[in-house]
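Descriptive analysis of the structure
Here are the chains, one letter per residue:
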Amino acid sequence: MGLLDILLGRTKPVAPDLDQLFALPSAAVTLQAAAGFTPTGNGAVCFATVEGAAFEQTHREVQALLDADAERAGPPVEMSQDDYGYSWLLSRRSPDQLPQLVNDLHAVNSSMEANGFGPQLLCSLAAFADDTGRMLALVYLYKRGTFYPFAPLPGTADRRDSALELQMKAALASDLRIEQDLNRWFPVWGAPGL
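Residues numbered from 1 in each chain as written. Predicted model: local features only at pLDDT ≥ 70, side-chain atom pairs only at ≥ 80, totals over all residues. Heavy atoms only, no water.

When helices and strands are counted, the chain shows 5 helices and 6 strands. Mapped from its N terminus to its C terminus, the chain presents α and β elements in the order α-α-β-α-β-β-α-β-β-β-α. Classification of the 194 residues of the chain by burial places 44% in the buried group. (Helix = DSSP H or I, 4+ residues; strand = E, 2+ residues; numbered from the N terminus. Buried < 20%, exposed > 50% of the residue type's maximum accessible area, 1.4 Å probe, protein only.)

And the structure:
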């Protein structure tokens, strides 16, 4: 970073630290104790789709890697596209397999990064629910190296429970690197697994 960057207020981007994903199992214990949220077994990685054979080959490799897991309970990994044109890779595990789900998310991110597609990675999420049916996702922002909670309101379109999100921000502060800029707490409407 040079003098011109400093004068213009530019900051050096934070390098993604994919190992932060491995903090999710301890955060899950905090979520359960603080608000009764437990893992659903669903996790997803969101990325901007790129045309080309190399990108398609990377997709196939990642999907084959995760589908080959003999311990997987339920359907294999699913690919989808949301209404905004972003691609999602959804991994389903049983709710008690959060560490394996985190491994899946890490493997997808690492494979895409290793094949030169790190700039296309947007976020990863792990889904949680409580016994009343409320959903909560812990979203990892790839380009920021931070997490934030996302809580869509049940039965409503495009509304979120901001009070619950702020409550979870405070509860998870010692478990996860929480994104402090609330403007970066982007809603992930239509995310698979939520």
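Considering the arrangement of structural elements, one finds H106 in helix α4 (residues 98–114). Exposure remark for H106: the relative accessible area of 16% places this residue in the buried category. When residues no more than four places from it in sequence are discounted, the contact partners of H106 are L18, D19, L21 and F22. (Contact = heavy atoms within 4.5 Å.)

This paragraph deals with the pattern of salt bridges. Under the defined criterion, the tally for this structure stands at 6 salt bridges. Between R144 and E179 there is a salt bridge, with its nearest N and O atoms 2.9 Å apart. In this pair, R144 is assigned in the loop between β5 (135–141) and β6 (146–150) and E179 in the segment after α5 (162–171), connecting sequence segments 35 residues apart. For E179, a relative accessible area of 3% gives the class buried. R184 is the salt-bridge partner of D181, the closest N and O atoms lying 3.7 Å from each other. A residue is classified by how much of its surface remains accessible, and D181, at 31% relative accessible area, is partly exposed. (Salt bridge = Lys/Arg side-chain N within 4 Å of Asp/Glu carboxyl O.)

Counting 53 residues, the largest nonpolar core has F128 and V188 as the members making the most contacts within it. In terms of residues, this core owes the most to one element, α4, which gives 7 residues. Those residues in contact with V188 that lie beyond four places of it in its chain are W88, C123, L125, V139, Y148, F150 and L194. (Core = buried A, V, L, I, M, F, W, Y, C linked by side-chain atoms within 4.5 Å.)

Tallying each qualifying case throughout the model produces 0 disulfides. Between C46, a free cysteine, and C123, which holds the nearest cysteine sulfur, the sulfur-to-sulfur gap is 4.7 Å. Classification of C123 as buried rests on a relative accessible area of 6%. (Disulfide = S-S within 2.5 Å.)

Here is the key point about a regular strand: its side chains alternate between the two faces of the sheet. Where strand β2 (residues 78–81) meets strand β3 (residues 86–92), 4 bridges bridge the pair, whose relative direction is antiparallel. The residue bridging M79 from the neighbouring strand is L89, located in β3. (Pairing = 2+ DSSP bridges.)

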